[in-house]
Amino acid sequence: MALVSIYTVGRLNHPYDHPTSRDFYQVGNEVYRQATKSGLIETFSPEGVPFPEEAVKGKGSPILTLTVWRSLQSLYRFTYSGQHIQALRDRSKWIRAISRETPFLCSLVD
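The structure contained in this document is the topic of the report that follows. None of the values given here were measured: they were computed from a predicted structure.

## Here's the deal with the side chain of Ser 21
Link 1 in the chain: Take Ser 21: it is sitting in helix H1 (residues 19–36).
Link 2 in the chain: For Ser 21, the side chain forms a polar contact with the main-chain oxygen of His 14, separated by 3.2 Å.

## Observations regarding the packing of H1 against helix H4 (residues 82–90)
Link 1 in the chain: Across the interface, H1 lies against H4 with an axial gap of 8 Å and an inter-helix angle of 145°. Helix-helix and strand crossings are classified by hand; for H1 and H4 the assignment is left-handed. Residues Val 27, Glu 30, Val 31 and Gln 34 of H1 lie in contact with H4, whose contacting residues are Gly 82, Gln 83, His 84 and Ala 87.
Link 2 in the chain: A breakdown of the residues in the contact of H1 with H4 according to their chemical character gives three nonpolar, four polar and one charged.

## Side note on the pattern of salt bridges
Link 1 in the chain: As enumerated under the stated definition, the model contains one salt bridge in all.
Link 2 in the chain: Here Glu 30 ties to Arg 33 by a salt bridge, and the two come within 2.2 Å at their closest N and O atoms. Note that Glu 30 and Arg 33 are positioned in helix H1 at a spacing of three residues, about one turn of the helix.
Link 3 in the chain: By relative accessible area, Arg 33 is classed as partly exposed at 47%.

## Concerning the nonpolar core
Link 1 in the chain: Ranked by size, the top nonpolar core spans 14 residues in total, and within it Phe 24, Trp 69 and Ile 95 carry the most contacts.
Link 2 in the chain: For this core, the secondary structure elements donating two or more residues are strand E1 (3–12), H1, strand E3 (61–69) and helix H3 (72–79).
Link 3 in the chain: Sequence-distant contacts of Trp 69, defined by excluding residues within four places in its chain, comprise Leu 3, Val 4, Ile 6, Ala 35, Ser 38, Gly 39, Leu 40, Ile 41, Ser 74, Leu 75 and Phe 78.

About the criteria used
Residues numbered from 1 in each chain as written. Predicted model: local features only at pLDDT ≥ 70, side-chain atom pairs only at ≥ 80, totals over all residues. Heavy atoms only, no water. Helix = DSSP H or I, 4+ residues; strand = E, 2+ residues; numbered from the N terminus. Polar contact = N/O pair within 3.5 Å; in protein donor to acceptor, adjacent residues only side chain to side chain. Axes fitted to C-alpha atoms, helices over the stretch in contact; angles between N-to-C directions. Left-handed = near helix turned anticlockwise from the far one by under 90°. Contact = heavy atoms within 4.5 Å. Nonpolar A, V, L, I, M, F, W, Y, C, P; charged D, E, K, R; others polar. Salt bridge = Lys/Arg side-chain N within 4 Å of Asp/Glu carboxyl O. Buried < 20%, exposed > 50% of the residue type's maximum accessible area, 1.4 Å probe, protein only. Core = buried A, V, L, I, M, F, W, Y, C linked by side-chain atoms within 4.5 Å.

This is the structure:
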């Protein structure tokens with residue numbers, strides 16, 4: 001069985017303790033609840049994980065996620081449905097626009 005892992009890096013518009021950033025984390029908790037019902041196998045805490053050098057440079061507080069999914073299809077269905085699609089639509093409130101230089105990694109593990 002092949003698994004899918006996805007590692008994303010973004011930048012918050014405000015410091016971690018700003019009310020808008022706290023809202024991002026509250027919504028994120030709800031999104032993770034949806035993810036566990038949608039094929040998410042594991043999520044890894046970013047605590048103590050060094051950020052890629054590119055993520056540390058520039059404005060905004062860096063954030064990252066690393067998750068493992070049952071399949072590419074389960075990841076896709078989750079990404080474009082429910083609370084996650086709404087969070088994607090609202091992301092400009094919390095996250096800086098993605099540039100072409102923003103790191104993104106997706107891998108299939110067999």
